[in-house]
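Topology and contacts: notes
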Amino acid sequence: MGRYAEAGSRRLLGSSPGASGRTAAGLTRRSVMLGATGLVGGLATQVLGGTSQALAAGRRRRVRCTPGALWRAAWKRGLVFGSSAATWQLEDAEYAALHASEAAMLFTEDDLLWYRLKPTPESDLDFSFGDQIVGFAEANDQLVVGAHLVWDEGFGEGWTEEDLWGLSEQEARDLLFGTATALVQHYRGRVAAWIAANEVTSPEGVDGFRTDVPWYETIGPSYVSEIFHLAHEHDPDAVLVLNEFGFETVNEFGDRPEHRRRATLQVIDTLLDEGVPVHALGVQAHLLADRFAQRFNTHTYRRFLADVAARGLHILVTELDVLDDGLSADPTVRDQAVADVYRRYLDVALDEPAVKAVLTFGLSDRYTWLQEDFPREDGAPRRPLPYDDQLKPKPAYDALLTSLKNAVPRSPLWQLRRSTMTARGG
């Protein structure tokens, strides 16, 4: 999960959504984290014979767009379109149906984070939530992006700062690399791409590496290269991703994107020079709507993507959404402005053939982390995604679909298993 500003609050995990910041069942992600997990317990039993009961129920609701249009349009250009999801969201049958229909790739939003996987330092590893979300993806012929092997957030209330910052080097190695090894081994061959390292660069760091994370403090900068080597050893066919945010515009704290780009390229160069198996850069693309047209320098952004591609890396847009601060509270006006941000960004990003996937951070405003983490000051519900909280397509959907249709053709990075797949360009 990305952050809109590094100077922002340090959250243990991101938040969740809906017009009121809650799910259809009255839960937030934080309440799930704190133990309200009854809704997700049955997801595994819903996936039967390649089709879940949730999907069967969800298909009874008509959505005013062509089912599957997003992933099909992307695939005709050699792209994979997908979105993040979590088990607690997919208990919503209508939303599960929409996700299965539109997304050819599933980014594991919550279920491989440590608050699920290892909720306390003493806990044994719990793969039950991960098994459910990966099983859902497989039942619906979706590729999986596993997130994350290393991050400094996502631990939940069961961990204290001392549990992480107070470790000796050997204790930190055993904890981090032992957990990551078990995770990768458990899903070997079932994950198309691993976010091996999430948010590990910083313009204020050392040689581009962030230093304000427990793994850097306890192990040192080599933890990044070691996590990539570990993942490649145990899942050699998976694409390994360095995932980062802050490349697009100056944020509300004055952080400049060119500084983040420079730091990230410096880290990439260091890793590649050391023979580290970094295969792709994940561009989170949490976009700021406020004056986006003026703040987004298309020339320098194109050059940045080209610089990444020149290093032999693929590029994945991993967490696309739009923070709608600075826009009118009127939904009609705001939706058009958000759609314009999608269009302006994707028209630039998709001109780069190294971009192989576009994933939104959720499909519907019903489930957006922005509502809980960054509520609007005027109280208007956030509207950052292609579908509204009633699962109806918005202008952002049209902008996304048009940009995918107009993208330059490219060679695909993966093959899709979907039975209705047509020949690329056909």
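**A look at unusual backbone geometry**
- In this model, Ala-147 is joined to His-148 through a cis peptide bond whose omega is -5 degrees.
- With respect to the helices, strands and loops of the structure, His-148 is situated in strand β5 (residues 143–150).
- For Glu-199, which is not glycine, the phi torsion reads 60 degrees and is therefore positive.
- Looking at where Glu-199 falls in the secondary structure, it is placed in the loop between β6 (193–198) and β7 (201–206).
- For Glu-199, a relative accessible area of 1% puts it in the buried group.
- At Asp-207, a residue that is not glycine, the phi angle is positive and equals roughly 55 degrees.

**Some remarks on the pattern of salt bridges**
- As enumerated under the stated definition, the model contains 23 salt bridges in all.
- For Arg-343, the salt bridge is made with Asp-347, and the minimal N-O distance between the two is 3.9 Å. Placement of the pair is Arg-343 and Asp-347 together in helix α16 (residues 331–349), with a separation of four residues, close to one helical turn.
- The exposure class assigned to Arg-343 is partly exposed, which follows from its relative accessible area of 36%.
- Residue Asp-347 is classed as partly exposed on the basis of its relative accessible area, which comes to 33%.
- Bridged by salt links that share partners, the residues Asp-324, Asp-325, Arg-334, Arg-376, Asp-378 and Arg-382 form one connected network.

**Some remarks on the packing of aromatic side chains**
- A full pass over the atoms with the stated rule returns 17 aromatic pairs.
- On the basis of an interplanar angle of 55 degrees and a centroid distance of 5.7 Å, the ring pair of Phe-155 and Trp-159 is categorised as tilted. Here Phe-155 and Trp-159 have matching classes, each one buried.
- The structure contains a cluster of three or more aromatic residues connected by ring pairs, namely Phe-247, Phe-292, Phe-296, Tyr-301, Phe-304 and Tyr-345.
- Between Arg-116 and the ring centre of Phe-129, over which it is positioned, the NZ or CZ distance is 3.8 Å.
- Sitting above the plane of the Phe-245 ring, Arg-260 keeps its charged end 4.5 Å from the centroid.

**Quick word on helix α6 (residues 93–102)**
- In terms of burial, α6 is a largely internal element, seven of the 10 residues being buried.
- Among all positions in α6, only Tyr-95, Ala-96, Ala-97, Leu-98, His-99, Ala-100 and Glu-102 are buried.
- Between a side-chain oxygen at the N-terminus of α6 and the backbone nitrogen of Glu-94 the separation is 3.2 Å; the capping residue is Asp-92.

**Comments concerning helix α18 (residues 395–406)**
- Over its 12 residues, α18 extends 16 Å from the first C-alpha to the last, a length consistent with the 16 Å expected when each residue adds 1.5 Å.
- What α18 keeps buried is the set Ala-396, Tyr-397, Ala-399, Leu-400, Leu-401, Ser-403 and Leu-404.
- In the core, the buried residues of α18 are packed alongside α4 (69–75), β3 (80–85), α16 and β12 (355–360).

**Some remarks on the pairing of strand β8 (residues 239–244)**
- In terms of residue burial, β8 counts as a mostly covered element, since six of its six residues are buried.
- Sheet topology places β6 next to β8; five bridges connect them, and they run parallel. Directly across from Asn-198, in β8, lies its bridge partner Asn-243.
- After leaving β8, the chain enters helix α13 (residues 257–273) and then returns to the sheet as strand β9 (residues 280–283), a path that is right-handed.

**What about the environment of Ala-196?**
- For Ala-196, the position within the fold is in strand β6.
- Residue Ala-196 is classed as buried on the basis of its relative accessible area, which comes to 0%.
- With 28 residues separating them along the chain, Ala-196 and Val-224 place their C-alpha atoms 8.3 Å apart.
- The contacts of Ala-196, once residues within four sequence positions are left out, are Leu-149, Val-150, Ile-227, Phe-228 and Val-241.

**Focus on the packing of helix α10 (residues 169–186) against helix α12 (residues 222–234)**
- Close contact between α10 and α12 brings their axes to 9 Å; oriented N to C, the two are set at 30 degrees. By the criterion of interaxial angle, the relationship of α10 to α12 is roughly parallel. The crossing of α10 and α12 is right-handed. From α10, Arg-173, Leu-176, Phe-177, Ala-180, Thr-181, Val-184 and Gln-185 reach across to α12, where they touch Ser-222, Tyr-223, Glu-226, Ile-227, Leu-230, Ala-231 and His-234.
- Each residue belonging to the contact of α10 with α12 can be placed in one class, and the counts come to eight nonpolar, four polar and two charged.

**Let's talk about the nonpolar core**
- Counting 106 residues, the largest nonpolar core has Trp-194, Trp-215, Tyr-223, Ile-227, Phe-228, Tyr-345 and Leu-404 as its most contacted members.
- Discounting chain neighbours no more than four positions away, the residues touching Tyr-223 are Val-150, Leu-176, Phe-177, Val-200, Val-213, Trp-215 and Tyr-216.

**Considerations on the confidence of the model for the chain**
- Scored by pLDDT, the chain comes out at a mean of 87, with 83% of its residues at no less than 70.
- Low pLDDT, under 50, characterises residues 5–63; the predicted model gives this stretch 154 contacts beyond four residues in sequence or across chains.
- Confidence over residues 420–426 falls short of pLDDT 50; this stretch has 16 contacts with residues more than four positions distant or in other chains.

**Let's talk about the pairing of β3**
- Taking burial as the measure, the six residues of β3 include six buried ones, the bulk of the element.
- The alternating pattern of β3 places Val-80, Gly-82 and Ser-84 and Phe-81, Ser-83 and Ala-85 on opposite faces, both of which are buried.
- As judged from the four bridges shared by β3 and β12, these two strands associate in the parallel manner. Within β12, the position partnered with Gly-82 by the bridge is Leu-359.
- Alignment of β3 against strand β4 (residues 105–108), held across four bridges, turns out to be parallel.

Rules of the game
Residues numbered from 1 in each chain as written. Predicted model: local features only at pLDDT ≥ 70, side-chain atom pairs only at ≥ 80, totals over all residues. Heavy atoms only, no water. Helix = DSSP H or I, 4+ residues; strand = E, 2+ residues; numbered from the N terminus. Buried < 20%, exposed > 50% of the residue type's maximum accessible area, 1.4 Å probe, protein only. Salt bridge = Lys/Arg side-chain N within 4 Å of Asp/Glu carboxyl O. Phe/Tyr/Trp six-rings, centres within 6.5 Å; stacked < 30°, edge-to-face > 60°. Lys NZ or Arg CZ within 6 Å of the ring centre and 35° of its normal. Polar contact = N/O pair within 3.5 Å; in protein donor to acceptor, adjacent residues only side chain to side chain. Expected span 1.5 Å × (residues − 1). Contact = heavy atoms within 4.5 Å. Pairing = 2+ DSSP bridges. Right-handed = clockwise from strand over helix to strand, strands pointing away. Axes fitted to C-alpha atoms, helices over the stretch in contact; angles between N-to-C directions. Parallel < 35°, antiparallel > 145°, perpendicular 65-115°, else oblique. Left-handed = near helix turned anticlockwise from the far one by under 90°. Nonpolar A, V, L, I, M, F, W, Y, C, P; charged D, E, K, R; others polar. Core = buried A, V, L, I, M, F, W, Y, C linked by side-chain atoms within 4.5 Å. pLDDT = per-residue confidence, 0-100.

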